[in-house]
Amino acid sequence: MSRMVEVNHNYVVSGVQTDDLVVSGKYGNADIQGILTGSVIVMEPAKFAVNGIMHGDLLVKEGATAEIRGTLDAPVIQVRGQLDIYGTVVCPLGIPDTAVLHPGCIVNGVKYD
């Protein structure tokens, strides 16, 4: 069972972590460089980045930002803020229309140029 960790400062996951994260506050920045198995909620005005691998739901609230440069395997993605995809995303329910797909990204097996 995952525990909920509130992140309101610069936070880096460089190894393997199995927690759910709530990223919030003016200084709430989280960077997944390793592996995260757990869901993430990103609150305004926080920023969240996946440069490694994440397995879990992603919820980006209004005024918040998420950037995927690594790999995101998410059963559910909900975006009311900003989501930029540069890497690989797998989500069986699809991704929100508001997501920005950058050249070279791969979403559900389709490469975007």
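No experiment lies behind these values; they were computed from the predicted model shown.

Reading guide: rules and limits
Residues numbered from 1 in each chain as written. Predicted model: local features only at pLDDT ≥ 70, side-chain atom pairs only at ≥ 80, totals over all residues. Heavy atoms only, no water. Core = buried A, V, L, I, M, F, W, Y, C linked by side-chain atoms within 4.5 Å. Buried < 20%, exposed > 50% of the residue type's maximum accessible area, 1.4 Å probe, protein only. Contact = heavy atoms within 4.5 Å. Helix = DSSP H or I, 4+ residues; strand = E, 2+ residues; numbered from the N terminus. Pairing = 2+ DSSP bridges.

## Overview of the nonpolar core
Core analysis: the largest hydrophobic core is formed by 31 residues, its most contacted members being Leu-21, Val-23, Val-40, Phe-48, Leu-58 and Leu-83. In this view, Leu-58 contacts Val-40, Val-42, Phe-48, Ala-66, Ile-68, Leu-72, Val-76, Ile-77, Gln-78 and Leu-83; residues no more than four positions away in its chain are not counted.

## A few points about unusual backbone geometry
In this chain, Glu-44 is followed by Pro-45 through a cis amide linkage whose omega measures -5 degrees. Tracing the backbone through its elements, the reader meets Pro-45 in the loop between strand 7 (40–42) and strand 8 (47–50). A positive phi angle, close to 50 degrees, is found at Asn-108, a residue other than glycine. Counting through the fold element by element, Asn-108 comes out in the loop between strand 17 (106–107) and strand 18 (110–111).

## Overview of the pairing of strand 2 (residues 10–13)
Regular strands place side chains that alternate from one sheet face to the opposite one. Here strand 2 shows a buried face lined by Tyr-11 and Val-13 and an unburied face lined by Asn-10 and Val-12. Here strand 2 runs beside strand 5 (residues 29–32); their pairing, made up of 4 bridges, is parallel. For Val-13, the partnering residue across the bridge sits in strand 5 and is Ile-32.

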